[in-house]
Structures are given as structure tokens and as C-alpha cells.
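An overview of the molecular structure
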Amino acid sequence: MSTLPATTDATAPAEPAVQAGSTAPTGRTVPAHLRAAVDAAKERVAALHAELPRWELVVWTAGNVSERVRAGDVEGPDSTGGAAGTGATDGLGDLLVIKPSGLSYDDITPESMVVCDLDGNLVEGDRAPSSDTAAHAYVYRHMPEVGGVVHTHSTYATAWAARAEPVPCVLTMMADEFGGDIPVGPFALIGDDSIGRGIVETLRDSRSPAVLMRNHGPFTIGKDARSAVKAAVMCEEVARTVHVSRQLGDPTRIEQSDVDSLYARYQHVYGQQPAH
Ligand SMILES: O=C(CO)[C@@H](O)[C@@H](O)COP(=O)(O)O
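First, a word on what this report is: a plain description of the structure on this page. (Residues numbered from 1 in each chain as written. Predicted model: local features only at pLDDT ≥ 70, side-chain atom pairs only at ≥ 80, totals over all residues. Heavy atoms only, no water.)

Another point: the sheet that holds strand S7 (residues 210-213). Strand order in the open sheet made by the eight strands is S4-S3-S2-S1-S5-S8-S7-S6, with mixed pairing throughout. The open sheet has two edge strands, strand S4 (122-124) and strand S6 (184-185), and neither has a second partner. Judged from the four bridges that link them, strand S1 (residues 64-69) and strand S2 (residues 95-98) form a sheet pairing that is antiparallel. Bridging across to S2, Val 69 finds its partner in Leu 95. Most of the contacts of helix H6 (residues 194-203) go to S7, to which it runs at about 130 degrees, and overall it touches S6, S7 and strand S8 (217-222). Strand contacts of helix H7 (residues 225-246): S1, strand S5 (148-151), S7 and S8, with the helix running at about 145 degrees to S8, the strand carrying the most contacts. (Pairing = 2+ DSSP bridges. Helix = DSSP H or I, 4+ residues; strand = E, 2+ residues; numbered from the N terminus. Contact = heavy atoms within 4.5 Å. Axes fitted to C-alpha atoms, helices over the stretch in contact; angles between N-to-C directions.)

Given below as C-alpha cells:
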């Protein structure tokens, strides 16, 4: 995933605490001109949730996936052309689609997805949104380039988070996808924007799309939900491989110049369609 430009203003006024999973009725509905985009996002986000148990990144109801629906990208009465992701449009601004809290993966369908505004307030849905909604929403407010956020408790990445130890960049796959180490974010309790603030403060100066929130687990970001899910899968894969390697000795770091070269190739050349 390409480096997300740092867009967070460190001097920004403190964000109002947003209760996770706020079900406070906003008295608002999805604007008509966003209906199709929201429904398409519900299809994608529901399908991507199935990837978390598929790649053994979660157990029971742990984990969640969200995707941003940009108000500014859709012609319509509410899209005043404001900067995407800043909520600068009239009406609701950007929205996010996420799973409802505690829903079994067996029961996840596009229709079960819920829609929130970027303050984490429920706009559409008959269940409380994920308990991590405030974190996802904070990331979307402060990193307008981010289109998808994922949270898991995948075993090896979470074990590194329990030690508050970054995963060192000792694999070419890490240089490709993360551009260096996978960083650790601060310990933060759920319930307000603390987790989201920790994610943004850790990732805004990093090429990594993954952060290991201390004592909690990985959160990943991407240009869309699928990219963030890929980052979560790759995060667990490299966390496991480096863990295994360390059982028999100290893995060898890749030179920074080589990390930079690998990252540039993977992000801008690998998998690209040949120019015709
Ligand atoms: O880790 C947490 C909260 O941070 C878990 O509760 C989370 O993985 C699952 O919560 P939700 O079912 O999305 O509310």
C-alpha cells in the first residue's frame, strides 16, 4: 500500500470524546445520492469480514472491518465538494460501514452491516455498531487518505503487541508491504477516541499500514477495506515467521537502502498491469 501522506495536524484541538458504539439516534438517514455507494460498501465489507476467520485472524466475534463512503466523491445535494474525509460537505459528510457489535461471523450479511457518521454515531442499522467504531471513525477523520480500517486479535501479531515489541524488518515481504518495522502503538482503553488517537499518532509518520496496539492487537489501514484486510493478513504472516525465526537465533535486519528499494518496487511495480 502506498505511503499515506501525513495529514494529521498535531496542533488540532482535542477531539471530543466519542463513546464507542454510540447508538445515539442522529435523526439522520443515508442521503439518497449515497444510497448506492453505501449498499455497495455493505456488500464489500460483509464479504471482507469472512476473510478474518478464513485466515484465522479472529476467534468468536473478535475483530472488525470498516470502509469509508466518501460524500465528496458523489454528485448530489449533500456533496458540496468539500475535502474528502474532512466532513466539510453539508449534511452528514463521509460515512463508514462497519459490522454491528458482537455479531457472529456466521450471521454477517450485507443487510446486517451498520452505517455511522465520522463521529461514530449510528445513522443506519438495528444494532449498536462495533465497539471499535470510535477508533475507526477517528482514523477516518484524521487520515482522509484512508478508506478502510481493520482490527483483529491475530495470535502472533497480538503476542508481539503483548510484549510491546515492534516486529523488526527482517523479511523482504515486510519491506514490500510495511516499508520497515511494524510499529507498536500505546496502550489505550476502549470507549472513546484513545485507540484511534494512538493508531494515528503511530502511523502518520510510518510507511506501515499496520500498528500493534500495546496489550491489545493489530489495527491496519488501507486505501480501501480490501487493502486493510490484506495488511492484516500479511501482518499476522510476518509476525509468525519472525517469531519462528527467533526461536533459533537472531534474525538479520535488511539494510535500509534495500528496504526502500523493495518497498518502492512492491508499491509501484509489483502486480501492475503492463503498459500497452
Ligand atoms: O478488541 C475488541 C475491542 O477493542 C473486541 O471487542 C473487538 O475485537 C470486537 O468487538 P465488536 O464485536 O466489533 O464490537
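As a further point, take the environment of Tyr 266. Among the secondary structure elements, Tyr 266 is positioned in helix H8 (residues 256-268). On the basis of relative accessibility, which here comes to 11%, the residue Tyr 266 falls in the buried class. In sequence terms Tyr 266 and Asp 224 are 42 residues apart; their C-alpha atoms lie 18 Å from each other. Discounting chain neighbours no more than four positions away, the residues touching Tyr 266 are Asp 176, Glu 177, Lys 230 and Met 234. (Buried < 20%, exposed > 50% of the residue type's maximum accessible area, 1.4 Å probe, protein only.)

We now examine the site of the ligand. The full set close to the ligand counts 14 residues, and Ser 101, Ser 130, Ser 131, Asp 132 and His 153 are the nearest of them. Within the contact set of the ligand, an oxygen atom lies 3.0 Å away from a side-chain nitrogen or oxygen of Asn 64. Computed on the free molecule, the ligand has an accessible area of 370 Å², of which 85% lies beneath the protein chains in the complex. Of the residues contributing to the shell around the ligand, the split by class is two nonpolar, 10 polar and two charged. (Near = heavy atom within 4 Å. Polar contact = N/O pair within 3.5 Å; in protein donor to acceptor, adjacent residues only side chain to side chain. Areas by Shrake-Rupley, 256 points an atom, 1.4 Å probe, with all protein chains shown as cover. Nonpolar A, V, L, I, M, F, W, Y, C, P; charged D, E, K, R; others polar.)

Along the chain, Asn 64 turns up in strand S1. Its relative accessible area of 3% is what places Asn 64 among the buried residues. Among the polar contacts made by the side chain of Asn 64, one reaches the side chain of Asp 132 at a distance of 2.9 Å. Setting aside anything within four residues of it in sequence, one finds Asn 64 in contact with His 49, Leu 52, Lys 99, Tyr 105, Ser 130, Asp 132, His 136, Val 149, Val 150 and His 151.

For the rest of this paragraph, the subject is helix H4 (residues 155-162). Restricting attention to buried positions, one finds in H4 the residues Ala 157, Thr 158, Trp 160 and Ala 161. Seen from one end, H4 has its buried residues packed into an arc of 155 degrees, which puts them on one side. On its buried face, H4 is in contact with S7, S8 and H7. Immediately beyond the C-terminal end of H4, within one or two residues, lies Ala 164, with a positive phi of roughly 55 degrees. (Arc of directions from axis to C-beta.)

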